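What follows is each chain in one-letter form.
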Amino acid sequence: MPELWKHTSCTEVGALVQGRPMDSKETGLRYRVKRAIRQMGEQHRHLRPIFEEIRGAIEQTDTHQAREALGRLQEGLEAHFRLEDLVFFPALHGLHSGHSEGLEMLSREHVGFADALRRLGMHLESSDLAGFGRDFDAFAGSLSAHEEHEERLVADVVGGSD
Ligand SMILES: [Fe+2]
Ligand SMILES: [Fe+2]
């Protein structure tokens, strides 16, 4: 469970995001929100072994293993996108409102990745491992560029918000 959710109620986060006056807990809350946002990069790295598993399954032409690992990747990424769209991005916007266009673009990309994951699953349903491998490489490249962009933007917002 993200650190933010262990210690912070939704009401507190909502107050922070909307910039409402807060009590003496505000400094600690801002610190926790920033720390939670930094955990975004850790989540990105956490999912990387699944990419390697899928590449291994493609090499071994193991469609069953590819299907199983893709299911876990889909579940992990969809949870990650939800956390970013519903918690991280609103918190970032609350800390610095000047990045709303960049955040909206990242959210739109999440929708594209969710569609791409479904199409990848369809390749495996029809046992088209060659098509799956080709599209998976393109997917992994685009996702990696997205994550780099996201982490740069987070560093800008968190670094420049004090
Ligand atoms: Fe993202
Ligand atoms: Fe992300």
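Everything discussed here concerns the structure shown above.
Residues numbered from 1 in each chain as written. Chains lettered and ligands numbered in written order. Predicted model: local features only at pLDDT ≥ 70, side-chain atom pairs only at ≥ 80, totals over all residues.

### Quick word on the environment of Glu 150
Within the secondary structure, Glu 150 sits in helix H7 (residues 129-160). Along the primary structure Glu 150 and Gly 102 are separated by 48 residues, whereas in three dimensions their C-alpha atoms are 8.7 Å apart. Discounting residues that sit within four places of it in the chain, Glu 150 has contacts with Met 40 and Leu 106. (Helix = DSSP H or I, 4+ residues; strand = E, 2+ residues; numbered from the N terminus. Contact = placed C-beta atoms within 7 Å.)

### Focus: the environment of Gly 56
Positionally, Gly 56 belongs in helix H4 (residues 48-59). The spacing of Gly 56 and Ala 66 is 10 residues in sequence and 8.4 Å in space, taken between C-alpha atoms.

### Examining unusual backbone geometry
A positive phi is found at Thr 61, a non-glycine position, where the angle reads about 45 degrees. Within the secondary structure, Thr 61 is located in the loop between H4 and helix H5 (63-95). On the neighbour-count criterion, Thr 61 (11 C-beta atoms within 10 Å) is exposed. Positive phi outside glycine occurs at Ser 127, with the angle close to 55 degrees. The topology assignment puts Ser 127 in the loop between helix H6 (100-125) and H7. Accessibility expressed as a C-beta count within 10 Å gives 10 for Ser 127, which makes it exposed. (Buried ≥ 20, exposed ≤ 12 C-beta atoms within 10 Å, placed from the backbone.)

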